Amino acid sequence: MSDQFWPESWRLGTRARGVGLLLRLLVVLAPAAALGCTRLAADSILAIEVVVIAAAALVAIAPDSHVGLVVVALVGANWWASVGDLATPWSIGVAASLAVFHASAAAASVVPPSAVWTRAMCRRWLQRCSVVVCGSAATWGVVAAVHDQRVAGAQLLVAAALVVAASGALWMRGAS
């Protein structure tokens with residue numbers, strides 16, 4: 001988090017070129033895509049959509065502000081209030097859109113807007129984002145597979161899932 005004022009962030013944002021400009025564009029388009037997936041899955045709440053797009057524009061101006069958390073919370077609240085089907089494939093689209101939003105805002109916040117990106121930098125950020133998107137798709141697959149099943153011993157299933165998640169986190173920590 002920086003302590004810059006919005007006018008200073010706006011001035012820096014106008015200097016965005018190349019990948020910096022693309023990141024700021026993705027910061028606005030990714031929540032719009034998530035809202036589109038929500039609207040396709042069920043009727044969405046228009047008032048929240050307008051606020052999400054306005055907040056995403058603020059994140060594009062100042063990507064290191066706390067407004068990104070507001071965007072994610074509003075998209076999640078909109079999904080929760082609108083969509084009743086837990087196993088809908090549109091959840092992959094929302095998850096991927098939020099992953100792109102988060103990765104774009106994070107990358108835009110750590111690199112100056114007019115910086116020249118190397119291939120290694122682009123590859124690193126694309127790998128990070130693709131791992132999250134693939135993990136989201138795999139999670140949806142598991143949810144869709146067990147959605148209508150009545151699983152006996154659900155406590156054992158939850159315990160096994162927590163062990164797998166913890167093992168994956170430790171594996172990822174060791175790989176970095």
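Residue positions are given per chain, counting from 1 as you read along its sequence in written order. The predicted nature of this model means local features are confined to residues of pLDDT at least 70 and side-chain atom pairs, given and counted, to a pLDDT of 80 or more, with totals for whole chains, interfaces and linings taken over all residues. Hydrogens and water molecules were not included; the side-chain quantities draw on all heavy atoms of the structure.

(A) Main features of the layout of surface pockets. Empty space within the second largest pocket amounts to approximately 280 Å³. Put plainly, a pocket is an open set of points on a 1 Å grid over the protein atoms alone with protein on both sides within 12 Å along at least five of seven lines, a cavity is a set where a 1.4 Å probe fits but cannot get out, and a lining residue has an atom within 4 Å of a point. In this structure, the second largest pocket is lined by 13 residues; those nearest its centre are Leu 23, Leu 26, Ser 104, Trp 125 and Leu 126. Contributions of two or more residues to the lining of the second largest pocket are made by helix H2 (19-41), helix H5 (90-110) and helix H6 (119-146). Counted by class, the lining of the second largest pocket contains 12 nonpolar, 1 polar and no charged residues. Grid points are joined across faces, edges and corners, and a volume is the space filled by probe spheres set on the points. To qualify as a helix, a DSSP run of H or I must reach at least 4 residues; to qualify as a strand, a run of E must reach at least 2; elements of each kind are numbered from the N terminus. As a working rule, the residues Ala, Val, Leu, Ile, Met, Phe, Trp, Tyr, Cys and Pro are called nonpolar, Asp, Glu, Lys and Arg charged, and the rest polar, with Gly in that last group.

(B) Focus on the pattern of salt bridges. Salt bridge, as used here: a side-chain nitrogen of Lys or Arg that lies within 4 Å of a carboxyl oxygen of Asp or Glu. Considering all chains together, one arrives at 1 salt bridge under this definition. Across the pair Glu 49 and Arg 39 runs a salt bridge, and its minimum N-O distance is 2.8 Å. Highlighted residues: Glu 49 in helix H3 (residues 46-61) and Arg 39 in helix H2, separated in sequence by 10 residues. Exposure is judged per residue with a 1.4 Å probe applied to protein chains only, and the accessible area is read against the type maximum: over 50% gives exposed, under 20% gives buried, and values in between give partly exposed. Looking at Glu 49, the relative accessible area reads 10%, which means it is buried.

(C) Expanded view of the packing of H5 against H6. To define axes, lines are fitted to C-alpha atoms, for helices over the stretch in contact only, and angles between the resulting N-to-C directions are given on a 0 to 180 degree scale. It is the contact of H5 with H6, at a shortest axis distance of 9 Å, that shows an interaxial angle of 160°. For the element pair H5 / H6, the angle class is roughly antiparallel. You can see that H5 and H6 cross each other, and the crossing is right-handed. Here H5 contributes Ser 91, Ile 92, Ala 95, Ala 96, Ala 99, Val 100, Ala 103, Ala 106, Ala 107 and Val 110 to the contact with H6, which in turn contributes Trp 125, Cys 129, Val 132, Val 133, Ser 136, Ala 137 and Trp 140. Considering only residue class, the contact of H5 with H6 consists of 15 nonpolar, 2 polar and no charged. By the definition adopted for this analysis, an angle is roughly parallel if under 35 degrees, roughly antiparallel if over 145, roughly perpendicular if from 65 to 115, and oblique otherwise. Here a crossing is called left-handed whenever its near helix is offset anticlockwise from the far helix by less than a right angle, and right-handed whenever the offset is clockwise. Contacts are assigned to residue pairs that have any heavy atoms within 4.5 Å of one another.

(D) Here's a closer look at the nonpolar core. Counting residues in each nonpolar core, the largest one holds 20 residues, and the members touching the most others are Val 27, Val 52, Val 59, Val 71, Val 75, Val 94 and Phe 101. For this core, the secondary structure elements donating two or more residues are H2, H3, helix H4 (67-82) and H5. Here, nonpolar core refers to any group of buried Ala, Val, Leu, Ile, Met, Phe, Trp, Tyr and Cys residues whose side-chain atoms link them within 4.5 Å. In terms of nonpolar packing, the next biggest core, distinct from the first, is built from 6 residues, Leu 23, Ala 107, Trp 117 and Trp 125 among them.

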